[in-house]
Amino acid sequence: TPPEFIRNFCIIAHIDHGKSTLADRMLQLTGVVEERAMRAQYLDRMDIERERGITIKAQNVRLPWRLGEQDHVLHLIDTPGHVDFTYEVSRALAACEGAILLVDAAQGIEAQTLANLYLALDKDLHVIPVLNKIDLPAAEPDKYAAELAHIIGCEPTDVLRVSAKTGEGVRELLDEVVRQVPPPVGEADAPARAMIFDSVYDTYRGVVTYIRVVDGKITPREKIRMMSTGATHELLEVGIISPEPKPTRGLGVGEVGYLITGVKDVRQSKVGDTVTSERKGADEPLPGYREPQPMVFSGLYPVDGSDYPVLRDALEKLQLNDAALTFEPETSVALGFGFRCGFLGLLHLEITRARLEREFDLDLISTAPNVVYEVYLEDGTEHIVTNPSDWPTGGKIAEVHEPVSKVTVIAPSEFIGAIMELCQGKRGQLLGMDYLSEERVELRYRLPLAEIIFDFFDALKSRTRGYASLDYEEAGQQTADLVKVDILLQGEPVDAFSAIVHKDAAYSYGNRMATKLRELIPRQQFEVPIQAAVGSRIIARETIRAIRKDVLAKCYGGDISRKRKLLEKQKEGKKRMKTVGRVEVPQEAFVAALSTE
Ligand code: GDP
Ligand code: MG
């Protein structure tokens, strides 16, 4: 297809505003998916995506569309809306010339609407503002059209109105995509340059690499070169997605499709890399993307220690498809053998964990999440800490740097006070406040990332009765007064409970954990002190009192079968006992203490 008849666009929106449903309607209207083959959220292929109704991996699809007498090819790239996956969004945006900014007509602009809009404007995309869900009785299209027009700087009449559910207005929207989105520009005769915007591991086909051709042409049977590494690969297949993969004889300027080379690991086909021909290839790669950096670390342990090899295998498999996931082995006194894993954010952690449990049938425990700290000692050495156990113990600490974020909260203005109180309690610093309309406000804060990853989102939702939305982006580092709190059982530290917290929060953390453990750890033959300590200073203390009586004494010698049951139960319990010093602790106690965080 000549580039002038190609349009590459994506849909960006706050979560739940209807991207996937709109994509469904487009698949149907363009005849790409037959009515009877249609299922909701067609493009969300992962089980977990369907279940939670969110899009994690960006998908792309080619749609034929006729405007007047002219046939066009539209490439739709569906993007995830959640903050953790911002880098997936920006990759998708870089493959497009236009974006549909979709806003729920009953909700208006939310935090991720703005975040995604700014990403799109940053990439110079043409933005088409659209209100969705106009079929809802609660829809207020006039009010929100004004809000959108104000933010984008257009007229309220430029804002299109659709219902992705009923299909109303979707034809007109596709026509507007053709009219408004600029066609791709590239040099057809230049050496081939195609940008990788996604790569996905497929059990049967190996890595499937999604590309957008910028210059020249990619044809099957040629050899290609990855420009960042210089590695060359035989092309086994080149094709388009419509909506299932279909091999083609080549992809030209502006076209979006896939490549299969037989490589087995997504890291060999790096997102952001430029693909060129091996013979007469390009000299200059396309501008790349930022590599995703893990921001949040957590230990993942199998509840049943014998599952350790299964967990390792499962992590390796997930990594084939998730270049942002990192892991390395770690051991813990309390939890045994496991892995220290790095994630883009909390949702990424949660989803990875859910996939491990579901797809690999694992039962897992995760330790409290941790951001990355830089600790500078007075002797001039620098320590990168992604795990409380890496916190330097010898030597005096000169300075600690922690990551900070720029947070955007959008909420009804009646909640301003509650939000400010919450943010201040989390060491937040107000950067600014804007009214979107009379009753809705946008608050911008600078907040330590560590404070956000704990329970910030839940706290925000409960203080605003679910009305606030949140987005955050990294904003460098700041120095902070942080300490490591250890939890000791009979003087022995229990590694899984160590945490790095702000000096002012050390006492409450120590006290909370000590109390929790006192309630969870069964009494022993002797007294067990539980202490919280910062270095050698004890900041909180609880005691588990000794038991005097034997378990069997409770049965008064009577019921023999009950006695046997108790003994059996005790034996079973023994298997999963962990010993810390002389103290025997059922693993469940540790699990419970960690999971109620
Ligand atoms: P996404 O997170 O942006 O991909 O949103 P989804 O497409 O998953 O939609 C979120 C929810 O809104 C789902 O329950 C959809 O059925 C519903 N929804 C989407 N579009 C419409 C619409 O036009 N009208 C109504 N009434 N509901 C819609
Ligand atoms: Mg979706």
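Residues numbered from 1 in each chain as written. Chains lettered and ligands numbered in written order. Predicted model: local features only at pLDDT ≥ 70, side-chain atom pairs only at ≥ 80, totals over all residues. Heavy atoms only, no water.

As for the sheet that holds strand β16 (residues 326-332)
Going by this rule: Two strands make a pair as long as DSSP finds a minimum of two bridges between them. Counting from the N terminus, the helices are DSSP H or I runs at least four residues long and the strands are E runs at least two residues long. Note on method: axes are straight lines fitted to C-alpha atoms, helices fitted across the in-contact stretch only, with angles between N-to-C directions ranging 0 to 180 degrees. Only heavy atoms enter the contact rule, under which two residues are in contact if any of them lie within 4.5 Å.
Pairing is antiparallel in the open sheet, where four strands are placed in the order β16-β17-β15-β18. With one partner strand each, in any of the chains shown, β16 and β18 (364-366) form the two edges of the open sheet. If you compare each strand with its neighbour and ignore which way they point, the axes differ by 30 degrees on average. The strands touched by helix α7 (residues 308-321) are β15 (296-302), β16, β17 (336-343) and β18; relative to β17, the strand with the most contacts, the crossing angle is about 15 degrees.

With respect to the nonpolar core
Our working rule: As used here, the term nonpolar core means buried Ala, Val, Leu, Ile, Met, Phe, Trp, Tyr and Cys residues forming a set that is joined through side-chain atoms within 4.5 Å. Using a 1.4 Å probe on the protein chains alone, a residue whose accessible area is under 20% of its type maximum counts as buried, one over 50% counts as exposed, and one in between counts as partly exposed.
Judged by nonpolar contacts, the single largest core of 46 residues is most densely connected at L356, Y373, V407, I419, F456 and L460. Residue contributions to this core peak at five residues, all from α7. If sequence neighbours within four positions are ignored, V407 has contacts with L443, R444, Y445, L447, I452, L470, D471 and Y472. Membership of the second largest hydrophobic core comes to 34 residues, among which are L489, A496, F497 and I530.

Describing the packing of aromatic side chains
Here is the rule we go by: Note on aromatic pairs: the rings of Phe, Tyr and Trp (six-membered ring only in Trp) are paired at centre separations within 6.5 Å, and the planes decide the class, stacked below 30 degrees, edge-to-face beyond 60, tilted for the rest.
Under the criterion given, the structure shown has six aromatic pairs. Aromatic pair F197 and Y210: ring centres 6.4 Å apart, planes at 35 degrees, arrangement tilted. Of this pair, F197 sits in strand β7 (residues 193-202) while Y210 sits in strand β8 (residues 206-215), and the two are 13 residues apart along the sequence. According to the relative accessible area criterion, Y210 is buried, its value standing at 11%.

Things to note about the site of ligand 1
What counts, and what does not: Proximity is defined per residue: if any heavy atom of the residue lies within 4 Å of a molecule or strand, that residue is considered near it. Any N or O atom pair separated by 3.5 Å or less is treated as a polar contact, with the protein-specific requirement of one donor-capable and one acceptor-capable atom, and with residues adjacent in sequence counted only for side-chain atom pairs. All accessible areas in this document rest on Shrake-Rupley with a 1.4 Å probe, and a residue is counted as covered only by the protein chains that are shown.
Taken together, 16 residues sit near ligand 1, with D16, K19, S20, T21 and D135 positioned nearest. Backbone polar atom of A164 to an oxygen atom of ligand 1: 2.9 Å apart, as the coordinates give it. Burial of ligand 1 by the surrounding chains reaches 80%, relative to a free accessible area of 580 Å².

Overview of the sheet that holds strand β14 (residues 274-277)
With antiparallel pairing, eight strands are arranged side by side in an open sheet as β10-β9-β14-β7-β8-β13-β11-β12. At either end of the open sheet lies a strand with only one pairing partner, and these are β10 (232-234) and β12 (245-247). In this sheet, neighbouring strand axes are inclined to one another by 40 degrees on average, regardless of whether the strands run parallel or antiparallel. Sheet topology note: the strand β9 (residues 223-226)/β14 ladder contains three bridges and is antiparallel. For M226, the partnering residue across the bridge sits in β14 and is V275.

As for the UniProt feature "binding site: GTP" (unreviewed entry) in the chain
The test is simple: UniProt positions are given in the numbering used here, feature names are shortened, and annotations may be inferred rather than shown by experiment.
Listed under "binding site: GTP" (unreviewed entry) in the UniProt record, and renumbered for this structure, are D16, H17, G18, K19, S20, T21, N132, K133, I134 and D135. Inspection of the secondary structure assignment puts I134 in the loop between β5 (126-132) and α5 (141-152). Judged by its relative accessible area of 22%, I134 falls in the partly exposed class. In contact with I134, other than residues within four places in its own chain, are A105, A139, P141, R161, V162, S163 and E168. On the secondary structure map, D135 appears in the loop between β5 and α5.

Details of unusual backbone geometry
Phi at D16 takes a positive value of approximately 75 degrees, unusual for a residue other than glycine. Take D16: it is sitting in the loop between β1 (6-13) and α1 (19-29). Relative accessible area serves as the criterion here: at 55%, D16 is assigned to the exposed category. Notably, Q490 is not glycine yet its phi reads approximately 50 degrees, a positive angle. For Q490, the location among the structural elements is in the loop between β25 (482-489) and β26 (492-493). Judged by its relative accessible area of 27%, Q490 falls in the partly exposed class.

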